[in-house]
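The primary structure of each chain is shown beneath.
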Protein chains: 2
Amino acid sequence: MMDQVKVIEIQKSVLENNDQEAEKLRQKLRKEKTFLLNLMSSPGAGKTSCILRILEHLKAEMQIGVMEADIDSSVDAEKVAQSGVEAIQLHTGGMCHLDAAMTEQGIHQLDTERLDLVILENVGNLVCPAEFDTGASKNAMILSIPEGDDKPLKYPLMFSVVDLVLINKIDCLDYFEFDMQAVKERIHTLNPQAVILEVSARTGEGFDRVAEWFRKNVNQWRKES
Amino acid sequence: MMDQVKVIEIQKSVLENNDQEAEKLRQKLRKEKTFLLNLMSSPGAGKTSCILRILEHLKAEMQIGVMEADIDSSVDAEKVAQSGVEAIQLHTGGMCHLDAAMTEQGIHQLDTERLDLVILENVGNLVCPAEFDTGASKNAMILSIPEGDDKPLKYPLMFSVVDLVLINKIDCLDYFEFDMQAVKERIHTLNPQAVILEVSARTGEGFDRVAEWFRKNVNQWRKES
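Let me begin by describing the structure that accompanies this report. (Residues numbered from 1 in each chain as written. Chains lettered and ligands numbered in written order. Predicted model: local features only at pLDDT ≥ 70, side-chain atom pairs only at ≥ 80, totals over all residues. Heavy atoms only, no water.)

**Remarks on the interface of chain A and chain B**
By a frequent convention, interface size equals the accessible area lost on bringing the separate parts together.
Thinking step 1. Of the residues lining the interface, 33 residues belong to chain A; the matching set on chain B comes to 33 residues.
Thinking step 2. In total, chain A and chain B occlude about 2500 Å² of area from one another, counting both sides; carbon and sulfur atoms represent 56% of this.
Thinking step 3. Of all residues in chain A, Pro43(A), Lys154(A) and Tyr175(A) bury the most surface against chain B, accounting for 25% of the area lost on that side.
Thinking step 4. Here chain A is connected to chain B by two salt bridges.
Thinking step 5. A salt bridge links Asp76(B) to Lys154(A), with the nearest nitrogen and oxygen atoms 2.7 Å apart.
Thinking step 6. On inspection of chain A and its partner chain B, the count reaches 10 residue pairs in polar contact (both at pLDDT 80 or more).
Thinking step 7. Those elements that place two or more of their residues in the side of chain A that touches chain B are helix H3 (75-82) and helix H5 (151-154) of chain A.
Thinking step 8. The greatest single-element share of the side of chain A that touches chain B, amounting to three residues, is contributed by H5(A). (Contact = heavy atoms within 4.5 Å. Buried area = accessible area lost by both parts, 1.4 Å probe. Salt bridge = Lys/Arg side-chain N within 4 Å of Asp/Glu carboxyl O. Polar contact = N/O pair within 3.5 Å; in protein donor to acceptor, adjacent residues only side chain to side chain. Helix = DSSP H or I, 4+ residues; strand = E, 2+ residues; numbered from the N terminus.)

This is how it looks when you write it as structure tokens:
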């Protein structure tokens, strides 16, 4: 059952007021005490690998669903389903981002009332997804070491709209020129509230603190419901 | 002079027929015997570093100009200008791609009649830039090793529209799980004509063959003019 991945062909949203639609979805999930995390990054920064690490830490203590957005493949949802967590694949049909109405189509397929946490893997793109509120409770992004420490200068909106930044692939820090202190200062200049955590999806390093962030935020969300 | 970087604030295109505008720009450049390469990739794949290596090989034998598109910084154009090649920075103001009319605004600022080659560094994004003809003579993209060998499966349009694929950061091949043969097969399945070259912008490996590709294509373009 769990390794059969449902694939949803997302319909392009015709709604003009995305913010209103996003707020509606957020209120529905609040009532259901379901925390939705919108996870964004460049292609290849490690979204799926990080999700798999998060699931390792949390799947025994909460009910989790994963929505994997991709233009045209199902490889990510299949990987998640193999870990024993319910996953659906959203096919965006060439779209470069998800908006609230598109996210809602995925949420509609998961029986979210029984879920504590839904992780949405957005399309791999540092530009467009930052412009659209998906209705998520919180937003996170991954910056990977090989991408370079100048990315906050080049994609400032993305770094401004997120609550959590995971700096991934720290196992290869010695191999690349990457100034960790400079990148943290650049992020905090744009977004003083952002929580920044260093991780390696390859080795698992740092995911105990990521799991802590999730526990705290999922609990907070429940209390506010 | 060369290290003063001109910054152009790009106006959003209002033209509906991008293909027509692109063809018009291509014809203008053909008449001028100026070859325009549109270079695309994910954020952090190494567009600017690869351009610097290409300039090392070619700047003594042809007249080159570089246009660096970025949402909101000038760091790339400044790096290019330091190498002694004319560079202008295009500020896209949040846009996720360049279209032909936007490219034309940059071309207008370069005195292209006296240039043999213009390299356009597109916005770092594997989705949207693939959908818009910029008017370039040829299209190229960079896939970097840390991004993973599954990218052609996930961003098929990008891999379908390019003439040249540079596989960059091969100096760290041993460090990442990356199946070079598999990725080449995936690219050629989508795009049998694509030329694929392995390079390292860090070490300079492979850029003699990239320079050969440019010489051949710039000459071909001149002959067809």
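**Observations concerning the sheet that holds strand E8 (residues 195-198) of chain A**
Residues and elements named next belong to chain A.
Thinking step 1. A sheet is described by the order of its strands in space; here eight strands give the open sequence E1-E4-E3-E5-E2-E6-E7-E8, paired in parallel fashion. The open sheet is flanked by strand E1 (6-9) and E8, the only strands paired with a single partner. Across the sheet, the axes of successive neighbouring strands diverge by a mean angle of 20°, strand direction being ignored.
Thinking step 2. Each of strand E2 (35-41), strand E5 (117-121), strand E6 (138-144), strand E7 (164-168) and E8 is contacted by helix H8 (residues 207-224), which is oriented at about 140° to E2, the strand it contacts most. (Pairing = 2+ DSSP bridges. Axes fitted to C-alpha atoms, helices over the stretch in contact; angles between N-to-C directions.)

**As for the relation of the copies chain A and chain B**
Thinking step 1. Expressed as a screw operation, the relation of chain A to chain B combines 0.0 Å of axial shift with a rotation of 180°, fitting to an RMSD of 0.0 Å. In the structure described here, the two chain copies are related by an operation that fits a two-fold rotation axis.
Thinking step 2. When the interface residues of chain A are mapped onto chain B, 100% of them again lie at the interface, so the same face is used by both copies. (Least-squares fit on C-alpha atoms with pLDDT ≥ 70 in both.)

**Thoughts on the sheet that holds strand E2 (residues 35-41) of chain B**
Residue and element names in this part refer to chain B.
Thinking step 1. Taking strand neighbours across the sheet as the criterion, the eight strands line up as E1-E4-E3-E5-E2-E6-E7-E8 in an open arrangement whose pairing is parallel. Bordering the open sheet on either side are strand E1 (6-9) and strand E8 (195-198), each of which pairs with just one other strand. Mean inter-strand twist for the sheet, computed between neighbouring axes without regard to direction, equals 20°.
Thinking step 2. Examined bridge by bridge, E1 and strand E4 (residues 86-91) share four bridges and lie parallel to one another. Bridge pairing links Glu9 to His91 in E4.
Thinking step 3. Relative to E4, helix H3 (residues 75-82) is tilted by about 175°, and along the sheet it contacts strand E3 (64-70), E4 and strand E5 (117-121).
Thinking step 4. With respect to the sheet, helix H8 (residues 207-224) is in contact with E2, E5, strand E6 (138-144), strand E7 (164-168) and E8, its orientation differing from that of E2 by roughly 140°.

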